[in-house]
Amino acid sequence: MNDSFIELLVPRKTRAQDILIRCLLIAVTAVVAVMTFGYPILMVLLVGAIAADYFLLPRLSVEYEYAYVNGELDVDAVYARSSRKHLASYDLRNVECIAPVNSHELDSYDASWKTVDYTSLDPSAKVYAAVLSSNGTRMKVLLELNEEMLSDLKMRNPRKVFLY
């Protein structure tokens, strides 16, 4: 059999809003901690701020993991390199088109479709758009695929995968 299994880890770049949220969470916790010395009743608020830091700060460090098995792609988010959440599964055997984002092959597809972005947000990265139907809705999924995945997809769907 011609089975293929490919895993790819794509770390998302830190955005300016992530840095702003991180600084804001830490600043609020510090201010509440200082205010707790004058008003002990604010201890409840301090516990809430620490809990928010504990749960929200790791969510700002995201890596996307693509697991490609014989035309099916599973996308997981790995937060702070410790916890994992399954985001989506796509059957790329029935894809309508896979092409680079700036390709003219995507011009005929409606820009108002739902777009899901699983990329690193790096402007120099080669981003591909997979146009597909999922549960009756048509969508564009933005991915950073490596050469091994692209060659397997091209072999399985030669008329629907554009590599230029």
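As shown above, the structure is provided for reference.
Keep in mind that what you see is a predicted model, and the values were worked out from it rather than measured.

### Brief notes about the overall build of the protein chain
Summing up its helical and strand segments, the protein chain has three helices and eight strands in all. Secondary structure elements of the protein chain, listed N to C terminal, follow the sequence β-α-α-β-β-β-β-β-β-β-α. Relative to its length of 164 residues, the protein chain is extended, with a C-alpha radius of gyration of 21 Å against a globular reference of 15 Å. The principal-axis extent of the C-alpha atoms belonging to the protein chain is close to 70 × 35 × 30 Å. Across the 164 residues in the protein chain, those meeting the buried criterion constitute 40%. In the protein chain, the proportion of contacts linking residues at least 24 apart, taken out of those at least 6 apart, comes to 58%. For the protein chain, the accessible area works out to roughly 10,000 Å², and carbon and sulfur atoms hold 60% of it. Taking the 17 positively charged and 20 negatively charged side chains of the protein chain as two groups, their mean positions are separated by 3 Å.

### Examining unusual backbone geometry
Located in the positive-phi region is Asn70, a residue other than glycine, with phi close to 45 degrees. Structurally, the position occupied by Asn70 is in the loop between β2 (62-69) and β3 (72-79).

### What about helix α3 (residues 147-156)?
Considered for burial, the residues of α3 that qualify are Met149, Leu150, Asp152 and Leu153. Buried residues of α3 fall within an arc of 165 degrees about the axis and therefore sit on the same side. Tucked into the core, α3 has its buried residues touching β1 (5-11), β2, β5 (97-100) and β7 (128-134).

### What to know about the nonpolar core
If you look at the biggest cluster of nonpolar residues, it comprises 29 residues, and the most contacted ones within it are Tyr66, Tyr90, Leu92, Ile98, Tyr118, Leu132 and Leu145. Elements represented by at least two residues in this core include exactly β1, β2, β3, β4 (83-91), β7, β8 (137-143) and α3. Not counting the four nearest positions on each side in its chain, Tyr90 is found in contact with Gly71, Glu72, Leu73, Val75, Val116, Tyr118, Leu132, Met139 and Val141. Formed by 10 residues, the second largest nonpolar core is a distinct cluster that contains Ala99, Leu106, Trp113 and Ala129.

### Observations concerning the pairing of β2
Put simply, side chains in a regular strand alternate between the two faces of the sheet. Burial runs high along β2: seven of the eight residues are buried. The antiparallel pairing of β2 with β3 creates a hairpin that spans two residues between the two strands, and Asn70 there sits at a positive phi of about 45 degrees.

About the thresholds
Residue numbers here run from 1 along each chain, matching the order of that chain's written sequence. Thresholds applied to this predicted model are a pLDDT of at least 70 for local features of residues and 80 or more for the giving and counting of side-chain atom pairs; totals over whole chains, interfaces and linings are not thresholded and use all residues. For the side-chain quantities, the full set of heavy atoms in the structure was used; hydrogens and water were omitted. Numbering goes from the N terminus for both helices and strands, where a helix is a DSSP run of H or I of at least four residues and a strand is a run of E of at least two. C-alpha atoms define the radius of gyration in this analysis, and the globule rule sets the expected value at 2.2 Å times the number of residues to the power 0.38. The buried label applies to any residue whose accessible area, calculated with a 1.4 Å probe on protein chains only, is under 20% of its type's maximum; exposed applies above 50%, and partly exposed to all values in between. Whether two residues are in contact is decided by their heavy atoms: any pair within 4.5 Å suffices. Areas reported as accessible are Shrake-Rupley estimates using a 1.4 Å probe. Residue values count occlusion only from the protein chains shown. Positive residues here are Lys and Arg, negative ones are Asp and Glu, while His and the chain termini are left out of the count. Charged side chains are reduced to one point each, which is NZ for Lys, CZ for Arg, CG for Asp and CD for Glu. Note: the arc covers the axis-to-C-beta directions of the helix. In this text, buried Ala, Val, Leu, Ile, Met, Phe, Trp, Tyr and Cys residues form a nonpolar core when linked through side-chain atoms within 4.5 Å. Note: two strands are recorded as paired if DSSP finds a minimum of 2 bridges between them.

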